[in-house]
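Here's the letter readout for the chains.
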Amino acid sequence: MNKIVATFPFLLYIAGLGALLVSDLLVTTFLPDQQVAQWAAIRSFIGISSVLCLVGLDQVLVRTPESSFRILGLLLVQIPLISSVIAFAYRFYDSETNSVLVFLVSVGTAGSLALFQFFRTHGKRFAAQWSQQAWKILVGIYFAITVLQGSTFSIWLAITFVTILGLVLSMIPLRSKLPEQKDEPKSYGWIYSIGFRSLTTSLLLALSIYAEQFVVGSETDVSQSAYYFAHTTYFLLPASVLNGYLAFTIAPWLRENKDLYLHHKSKHALRWIAILVVYSFALSIFGYVAWKLMRSEGIEPSLPIQIAMLVSGMARTAYTFPAGFVGAFGTAKIFDGWIIFQTISFGLAIAVYWLLSRQFHLDIIIAISIASTFNWVTRMVVGFSLVHKLEKSLA
């Protein structure tokens, strides 16, 4: 019975990410390019704004569960304040979207993410996944109804409704009994010093995942933006569904199985590389077949973008292991090095994009896919080099 109950968080995770994948497939298949580009921008906005609103305090929650109620209180004030600033700034990117909607989407998704980490900190895995996945399931239901009925509301208005409803539903587990705790007398300065460091790593990760769609949206027309988003849907999102849960569970597993991981890393590296390659190729083939089956208008995927996303998918999958290991065992010095190298990697990726698009006049969407892949491969290499350093210090 306990094993069955233990699978509920995983099933809820699959339901949420599956609903998001289905949403992307429905949008790219049945909706016009204008709405595809708008949905792509919203997806990217959510990924970046929620990180900014939390200022790394979600990671501090995980590190200091004894201070979780104090941190949650800070977030209740912090999230609306930063969301207001974000809503104002977003007008410079998209002046046609109502700032109130932008504000509410930011509050809804950031609040859900904060509750996800809060419940995760207290070992409430089902409540954590409920907080994280509720709005995604609602989004999937909305787009399914939209396609069946053949009519749409404003996508921003619809996403505002489902994210706020998702946040309200995420609060339901707060009524359950949580472990009693004594609030640790950590100063606000200490909390935010750790938070800003975590914010930097989380923001660099969010930018690595989502910034490319903003670049494509600002430098191309809606048809090119929609075309690029279709590639990320078919050739990257399936891997992210599986990798996301791996990232959710890897750090706790590594803390309990450090020696086993290091043994497999050193003794069976070639075997794991082979598994990674087969896994990535299988998902790429799946994405191509799905594209051919679902996109009946006869538009072919771009081979250069496919190849770039295949390599990027391998790097993103492999990256979850050093990220989890550094998260579980990293020292302050290692974290600082991690931040510096990730910043350099992101900066070099921008330089690669500029060189390919401006000097070699490569298509914007091909240039951004190559630059993104360069960033992820670099992050992966740096991650494993830091694990190697950590191995020596832990030996």
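The notes below deal with the structure included here. If you're wondering where the values come from, they're calculated on a predicted model, not measured in any experiment.

## Thoughts on the pattern of salt bridges
- Applying the stated rule across the entire model yields four salt bridges.
- Among the ionic pairs, Arg197 bridges to Asp336, the shortest N-O distance being 3.2 Å. Of this pair, Arg197 sits in helix H9 (residues 188-219) while Asp336 is found in helix H15 (residues 332-359), placing the two residues 139 residues apart along the sequence.
- The exposure class of Asp336 is partly exposed, given its relative accessible area of 32%.

## Here we look at the packing of aromatic side chains
- The tally for this structure, following the rule as stated, stands at 16 aromatic pairs.
- For the ring pair Phe69 and Phe118, a centre distance of 5.4 Å and an interplane angle of 75° mean the geometry is edge-to-face. Placement of Phe69 in helix H5 (residues 68-90) and of Phe118 in helix H6 (residues 99-121) is noted, with a sequence separation of 49 residues between them.
- By relative accessible area, which is 41% here, Phe69 ends up partly exposed.
- For Phe118, a relative accessible area of 0% corresponds to the buried category.

## Points about empty space enclosed by the protein
- The final tally for this structure, using the stated rule, is two cavities of 30 Å³ or more.
- Volume-wise, the largest cavity comes out at about 80 Å³.
- Elements with a minimum of two residues in the lining of the largest cavity: helix H13 (269-294) and helix H14 (303-329).
- When residues in the lining of the largest cavity are grouped by element, the largest group, five residues, is from H14.
- For the lining of the largest cavity, a count of residues per class yields seven nonpolar, four polar and no charged.

## Some thoughts on the layout of surface pockets
- Put simply, the second largest pocket is a space of about 680 Å³.
- What lines the second largest pocket is a set of 21 residues, and nearest its centre among them are Tyr261, Trp272, Ile273, Phe321 and Phe384.
- Those elements that place two or more of their residues in the lining of the second largest pocket are helix H11 (237-256), helix H12 (258-267), H13, H14 and helix H16 (364-394).
- Here the residues of the lining of the second largest pocket are counted per class, giving 16 nonpolar, four polar and one charged.

Rules of the game
- Residues numbered from 1 in each chain as written.
- Predicted model: local features only at pLDDT ≥ 70, side-chain atom pairs only at ≥ 80, totals over all residues.
- Heavy atoms only, no water.
- Salt bridge = Lys/Arg side-chain N within 4 Å of Asp/Glu carboxyl O.
- Helix = DSSP H or I, 4+ residues; strand = E, 2+ residues; numbered from the N terminus.
- Buried < 20%, exposed > 50% of the residue type's maximum accessible area, 1.4 Å probe, protein only.
- Phe/Tyr/Trp six-rings, centres within 6.5 Å; stacked < 30°, edge-to-face > 60°.
- 1 Å grid on protein atoms, 1.4 Å probe; cavity = no way out; pocket = protein on both sides within 12 Å on 5 of 7 lines; lining within 4 Å.
- Points joined across faces, edges and corners; volume = space filled by probe spheres on them.
- Nonpolar A, V, L, I, M, F, W, Y, C, P; charged D, E, K, R; others polar.

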